[in-house]
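Analysis of the macromolecular model
Okay, here's what each chain looks like letter by letter:
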Amino acid sequence: MRLATATAMLGVAHSASAADLVISNWDGYMAPDIAETFKAATGLEVEIVNHATNEEIMGKLMASQGKGYDVVFVSSPFAEILNKQGLLAGIDKAAVPNLANLYPEAAALAYDPGTNFAVPYAWGTTGLCYRSDLVEGTPDSWMAMLKPADALKGKITMLATDRWLMGAGLLATGASVNESDPARIDAAKDLLIEAKKTLLAYDDTTFYSKLVSGEASLVHAWDGWCNYGIAENAEIKFVVPSEGSDLWVDTMVVMKNGENSANAMTFLNFVLDAKNHAWAAENILYKVPNKAAMESLDPALAEQYPNMGMTPAELTGYELLRDLGDAQKLYSRAVSEIKAAN
């Protein structure tokens, strides 16, 4: 999941560009030479700008009504919001024949069944990433993190971003990751406040490094980010707790008020080419929802990083993150209270 804890920033529209296409994405989330390879294939000039968080680019898109951008990478709840605000162009399926490469499950996700306004780029889940040589047994419950054994106290980090911090507490108490009941949100908040006393830190960006160094023994992690730790230490493992988890999806959307929608569709089709989309799986160690791309990977990749072998059926068995609507305010308030608690 390409999220970080940087403060959301309200910005103005990206400056007018002479490029044939303006793309905003998280840094490092595409092949570094994609502008060159896309131009070689299509003759189109691309300008790529980066955003640090969903919240940062959402502020800019809302302020500009999407002007100045053509293709934007955002997580699915934010794609839902943009669509509800009328800021997205529909996907011209005739211009994106490589949509056929998507797994059927990825083309039928509940926030956009039929892939009408958002094209899935990467997907995965959230769980516990741990040092198997430092943790006794398999920590296969959220309570292993939230009510830890004495040996783990002070050796645990948790994700700080609203949806994932709250998600752990909600799942541990039998609630939904999209919960809107204030009482259930409060119950999760109370559990998380108590758990805070046993944490080493909240950490959305360096948690896997803490595992590698041994400063942490167990961390709350997105699956792909756990793989970064596994790459450095084979004793690091990933497990989805028995209570379940979320399904997160990062998407590509086309802005209705962008100036190059036809070129945008050409770019989406280029990314969905099996060879091009496989780059993300091979280099950022995230699963991509592209059947042709995933089937092209060296089987050794899933042997080294077992969560890369999770099937679409397994992933879609977890709860898809949705736009919370008005309930987002309850989550934000709960997280503020958790972080302010002693």
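Everything numeric in this text was worked out from a predicted model, so none of it was measured. The residue count restarts for each chain, going from 1 along the sequence in the order it is written. Since the coordinates come from a predicted model, pLDDT governs what is reported: local features require at least 70, and pairs of side-chain atoms require 80 or more to be given and counted, while whole-chain, interface and lining totals use all residues. Each side-chain value is worked out from all heavy atoms of the structure, with water and hydrogens disregarded.

Attention now moves to the layout of surface pockets. A 1.4 Å probe that fits but cannot get out identifies a cavity on a 1 Å grid over protein atoms alone, an open set with protein on both sides within 12 Å along at least five of seven lines counts as a pocket, and a residue lines either if it has an atom within 4 Å of a point. Grid points are joined across faces, edges and corners, and a volume is the space filled by probe spheres set on the points. Empty space within the second largest pocket amounts to approximately 190 Å³. Lining the second largest pocket are Met 30, Ala 31, Asp 33, Ile 34, Thr 37, Tyr 121, Phe 270, Val 271, Lys 275, Asn 276 and Trp 279. Mapped onto the lining of the second largest pocket, the elements with two or more residues apiece are α1 (34-42), α9 (261-271) and α10 (274-284). Strands here are runs of E lasting at least two residues and helices are runs of H or I lasting at least four, both read from the DSSP assignment and numbered beginning at the N terminus. Looking at the lining of the second largest pocket element by element, the count peaks at three residues for α10. Split by residue class, the lining of the second largest pocket holds seven nonpolar, two polar and two charged. By the convention adopted, Pro, Cys, Tyr, Trp, Phe, Met, Ile, Leu, Val and Ala count as nonpolar, Lys, Arg, Asp and Glu as charged, and the other residues, Gly among them, as polar.

Bringing unusual backbone geometry into the picture now. Phi is positive for Gln 65, which is not a glycine, with a value near 60 degrees. Here Gln 65 lies in the loop between α2 (54-64) and β3 (71-75). At Thr 115, a residue that is not glycine, the phi angle is positive and equals roughly 55 degrees. Tracing the chain through its elements places Thr 115 in the loop between α3 (76-84) and β4 (119-131). The cut-offs for exposure are 20% and 50% of the maximum accessible area for each residue type, with area from a 1.4 Å probe on protein chains only; residues under the lower value are buried, those over the upper are exposed, and the others partly exposed. Thr 115 gets classed as buried once you look at its relative accessible area, which sits at 5%.

Below, the discussion takes up the packing of aromatic side chains. Ring geometry is summarised as follows: Phe, Tyr and Trp rings, the Trp one being its six-membered ring, pair when their centres sit within 6.5 Å, and such pairs are stacked at plane angles under 30 degrees, edge-to-face over 60 and tilted between the two. Evaluated as defined, the whole model comprises 16 aromatic pairs. Ring geometry for Trp 26 and Tyr 29: centres 5.4 Å apart, planes at 85 degrees, overall edge-to-face. By relative accessible area, which is 3% here, Trp 26 ends up buried. When the centroid spacing of 6.1 Å and the interplanar angle of 85 degrees are considered together, the rings of Phe 207 and Tyr 208 count as edge-to-face. The buried category is assigned to Tyr 208, whose relative accessible area is 19%. Ring pairs connect the aromatic residues Trp 26, Tyr 29, Phe 73, Tyr 121, Trp 248 and Tyr 286, which therefore count as one cluster.

Running from amino to carboxyl end, helix α6 (residues 182-196) crosses helix α14 (residues 328-340) at an angle of 20 degrees, the nearest separation of the two axes being 9 Å. Taken together, the axis directions place α6 and α14 in an arrangement best described as roughly parallel. Viewed along their axes, α6 and α14 form a crossing whose handedness is right-handed. Here α6 contributes Pro 182, Ile 185, Lys 189, Leu 192, Ile 193 and Lys 196 to the contact with α14, which in turn contributes Leu 330, Tyr 331, Ala 334, Glu 337, Ile 338, Lys 339 and Ala 340. Within the contact of α6 with α14, the residues separate by chemical class into nine nonpolar, no polar and four charged. To get an axis, fit a line to the C-alpha atoms, keeping to the stretch in contact for a helix; angles then go from 0 to 180 degrees between the N-to-C directions. To sort the angles, those under 35 degrees are grouped as roughly parallel, those over 145 as roughly antiparallel, those from 65 to 115 as roughly perpendicular, and the leftovers as oblique. Note on convention: the crossing is left-handed when the near helix lies turned anticlockwise from the far helix by less than a right angle, right-handed when the turn is clockwise. Whether two residues are in contact is decided by their heavy atoms, any of which lying within 4.5 Å being enough.

Here the focus is the side chain of Ser 76. Looking at the element boundaries, Ser 76 is found in helix α3. Setting aside chain neighbours within four positions, we find Ser 76 in contact with Tyr 111, Val 249, Thr 251 and Leu 321.

Our focus in this paragraph is the state of the cysteines. In plain terms, two cysteine sulfur atoms within 2.5 Å form what is called a disulfide here. This structure, assessed with the given rule, holds one disulfide. Here Cys 129 pairs with Cys 226 through a disulfide, and the sulfurs are 2.0 Å apart. Linking Cys 129 and Cys 226, the disulfide has an S-S dihedral of approximately 80 degrees and is accordingly described as right-handed. Taken together, the positions of Cys 129 in strand β4 and Cys 226 in helix α8 (residues 223-230) put the pair 97 residues apart, joining distant regions of the chain. Across the pair, Cys 226 and Cys 129 agree in class, each one buried.

Each reported salt bridge corresponds to a side-chain nitrogen of Lys or Arg within 4 Å of a carboxyl oxygen of Asp or Glu. Within the structure shown, the criterion is met by twelve salt bridges. Its salt-bridge partner being Lys 189, residue Asp 186 comes within 3.8 Å of it at the nearest N-O pair. Of this pair, Asp 186 and Lys 189 both sit in helix α6, three residues apart, which is roughly one turn of that helix. Residue class for Asp 186 comes out partly exposed when judged on its relative accessible area of 39%. According to the relative accessible area criterion, Lys 189 is buried, its value standing at 12%. A salt bridge links Glu 337 to Lys 189; the shortest N-O distance between them is 2.7 Å.

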